[in-house]
Amino acid sequence: MTRPSKRLRKAVLPAAGLGTRFLPATKAQPKEMLPVVDKPLIQYAVEECLASGLENIIIVTGRGKNAIEDHFDAAPELERFLEEKGKRELAEQVRQLSNMIQFSYTRQKEPLGLGHAVLCARELVGDEPFAVLLGDVIIDGTPPATRQLIEAFEATGTGVIAVQEVAREQTRMYGIVDAQPTAGTHWGERLLRIRTLVEKPSPEQAPSTLGVTGRYVLPPEIFDCIERTRQGALGEIQLTDALVLLAQQHGLHALVVDGTTYDAGDKLGFLKATVEFGLKNPELGAAFREYLRSLKL
Ligand code: G1P
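Note that the coordinates shown come from a computational prediction; the quantities given were computed from them, not determined experimentally.

Student: I'd like a description of the overall build of the protein chain, backed by residues and values.
Tutor: When you go through the protein chain residue by residue, the secondary structure sums to 11 helices and 13 strands. Across the 297 residues in the protein chain, those meeting the buried criterion constitute 49%. Contacts in the protein chain between residues at least 24 apart in sequence constitute 76% of all its contacts with a sequence separation of at least 6. Summed over its atoms, the accessible surface of the protein chain is roughly 15200 Å², and 50% of this surface lies on carbon and sulfur atoms. Positive and negative side-chain charges of the protein chain, numbering 35 and 39 respectively, have mean locations separated by a distance of 2 Å.

Student: An account of the packing of aromatic side chains is needed here, citing residue identities and associated values.
Tutor: Inspection of the entire model under this criterion finds 6 aromatic pairs. When the ring of Tyr 44 is compared with that of Phe 277, the centres are 5.2 Å apart and the planes differ by 70 degrees; the resulting orientation is edge-to-face. Of this pair, Tyr 44 sits in helix H1 (residues 41–51) while Phe 277 sits in helix H10 (residues 267–280); the two residues are 233 residues apart in sequence, bridging distant segments of the chain. With 5.5 Å between their ring centres and 65 degrees between their planes, Tyr 262 and Phe 277 make a pair best called edge-to-face. In this pair, Tyr 262 is assigned in strand E13 (residues 260–263) and Phe 277 in helix H10, connecting sequence segments 15 residues apart. For Tyr 262, a relative accessible area of 5% translates into the label buried. Residue Phe 277 is classed as buried on the basis of its relative accessible area of 14%. These aromatic residues form a ring-pair network of at least three members: Tyr 44, Tyr 262 and Phe 277. In this structure, Lys 39 is placed above the aromatic ring of Tyr 44, and the distance from its NZ or CZ to the ring centre is 4.8 Å.

Student: If you had to explain the site of the ligand to someone new, which residues and values would you point to?
Tutor: In the region of the ligand, the neighbouring residues are Arg 21, Leu 114, Leu 134, Val 137, Tyr 174, Gly 175, Glu 199, Lys 200, Val 212, Gln 238 and Thr 240. Contact between the ligand and Val 212: an oxygen atom at 2.6 Å from a main-chain N or O atom of the residue. Notes on the ligand: free accessible area 380 Å², of which the protein chains cover 83%. Class assignment of the residues belonging to the shell around the ligand gives a composition of 5 nonpolar, 3 polar and 3 charged.

Student: Give me the pattern of salt bridges: which residues, what numbers.
Tutor: What the rule picks out here adds up to 13 salt bridges. A salt bridge links Glu 128 to Lys 10; its shortest N-O distance comes to 3.4 Å. Taken as a pair, Glu 128 in the loop between helix H6 (122–125) and strand E6 (130–133) and Lys 10 in strand E1 (residues 10–14) lie far apart in primary sequence, 118 residues in all. Glu 32 is the partner of Lys 65 in a salt bridge, and the nearest nitrogen-oxygen pair spans 2.8 Å. Here the residue Lys 65 occupies a position in the loop between strand E4 (56–61) and helix H2 (66–71), and Glu 32 occupies one in the loop between E1 and strand E2 (35–36), the gap between them amounting to 33 residues. Look at Lys 65 and you get buried, because its relative accessible area is 5%. Classification of Glu 32 by relative accessible area gives buried; the value is 6%. A single network of salt bridges, built from pairs that share partners, joins Arg 9, Lys 10 and Glu 128.

Student: Could you give an account of a nonpolar patch on the surface, with specific residues and numbers?
Tutor: Together, Tyr 291, Leu 295 and Leu 297 line one region of the surface with nonpolar side chains, adding up to about 380 Å² of accessible area. Counting through the fold element by element, Tyr 291 comes out in helix H11 (residues 285–294).

Student: Which residues make up the side chain of Thr 146, and what values go with them?
Tutor: Within the secondary structure, Thr 146 is located in helix H7 (residues 145–156). Given the relative accessible area of 1%, Thr 146 is considered buried. Contacts of Thr 146, omitting those with residues within four sequence positions, involve Glu 48, Ser 52, Leu 54, Ala 131, Leu 133, Arg 215 and Val 217.

Student: Tell me about the side chain of Asn 56, residues and numbers included.
Tutor: Along the chain, Asn 56 falls in strand E4. A relative accessible area of 17% places Asn 56 in the buried class. Each residue touching Asn 56, except ones within four places of it in the same chain, is listed here: Arg 9, Lys 10, Ala 11, Gln 102 and Ser 104.

Student: Could you give an account of the pairing of strand E10 (residues 191–199), with specific residues and numbers?
Tutor: Pairing of strand E9 (residues 175–181) with E10 involves 7 bridges; the strand directions are antiparallel. Among the inter-strand pairings, Ile 176 is bridged to a residue of E10, identified as Val 198.

About the thresholds
- Residues numbered from 1 in each chain as written.
- Predicted model: local features only at pLDDT ≥ 70, side-chain atom pairs only at ≥ 80, totals over all residues.
- Heavy atoms only, no water.
- Helix = DSSP H or I, 4+ residues; strand = E, 2+ residues; numbered from the N terminus.
- Buried < 20%, exposed > 50% of the residue type's maximum accessible area, 1.4 Å probe, protein only.
- Contact = heavy atoms within 4.5 Å.
- Areas by Shrake-Rupley, 256 points an atom, 1.4 Å probe, with all protein chains shown as cover.
- Lys, Arg positive; Asp, Glu negative; His and termini not counted.
- Charge placed at Lys NZ, Arg CZ, Asp CG, Glu CD.
- Phe/Tyr/Trp six-rings, centres within 6.5 Å; stacked < 30°, edge-to-face > 60°.
- Lys NZ or Arg CZ within 6 Å of the ring centre and 35° of its normal.
- Near = heavy atom within 4 Å.
- Polar contact = N/O pair within 3.5 Å; in protein donor to acceptor, adjacent residues only side chain to side chain.
- Nonpolar A, V, L, I, M, F, W, Y, C, P; charged D, E, K, R; others polar.
- Salt bridge = Lys/Arg side-chain N within 4 Å of Asp/Glu carboxyl O.
- Patch = residues over 30% accessible without salt bridge, like charges linked within 9 Å, V, L, I, M, F, W, Y side chains within 5 Å.
- Pairing = 2+ DSSP bridges.

Here it is in structure tokens:
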């Protein structure tokens, strides 16, 4: 297997979607800014990048998404206000957010699909491998999911995407892989070589029940693959279809990542993430657990 020479530095976070599943909450604010406990959804993905060693984040935005840029920008008045009120720790948290990472923004002018959103970042990514994180999925893993993918990418020399078992009735919500376990690595059966993928197949047509969970580490060749991809499911340019070409031409692996995945792009998944992160919160956890117990469901 060949080893890629370049260290991974960059991540692309597509955030141009219209958030229709959360209307009316997302009519005037981006879906990515909906808070799970005390952080907006997109901040979980940004923190995962930081914990995975990626320092350069490219956010693909669209119309009505200015709140995302403001969120990661410096906020000197707010910091000063918090310091004057003696809330130094909170002021430090606000400061760290804009200092910890280099952010760049690019726009997807029309909602033409996830593949097209990633293609919009081509100039900013350049000719190097990069990660893609879908902000509406939170993966709670140690090491972080993206770090796990980077290790598999370095070992295999091919792109690697995160997958997990999904219920057969739910294959229509995911990209589904047709893959074969590899042998001889410490990942065991969790690392698979992808033969092909299908975007949102019906349960009857799904080649397996391994669903793509919104974390990808890809070589720059993916951009040519996206350019050659025609409109697919829902009339959009799908990243999954471009990955089929990448798998055929350059090889591609799937990793069943170690961690818990919350699909917070879906209302029920969002509620589950809120409850579980609420329970884990050091300040609120104990009181929240007591409250949930008192509900006598
Ligand atoms: C996207 C991808 C799909 C993937 C899913 C994970 O779909 O197209 O392959 O399984 O994210 O959440 P979306 O949920 O944006 O419709």
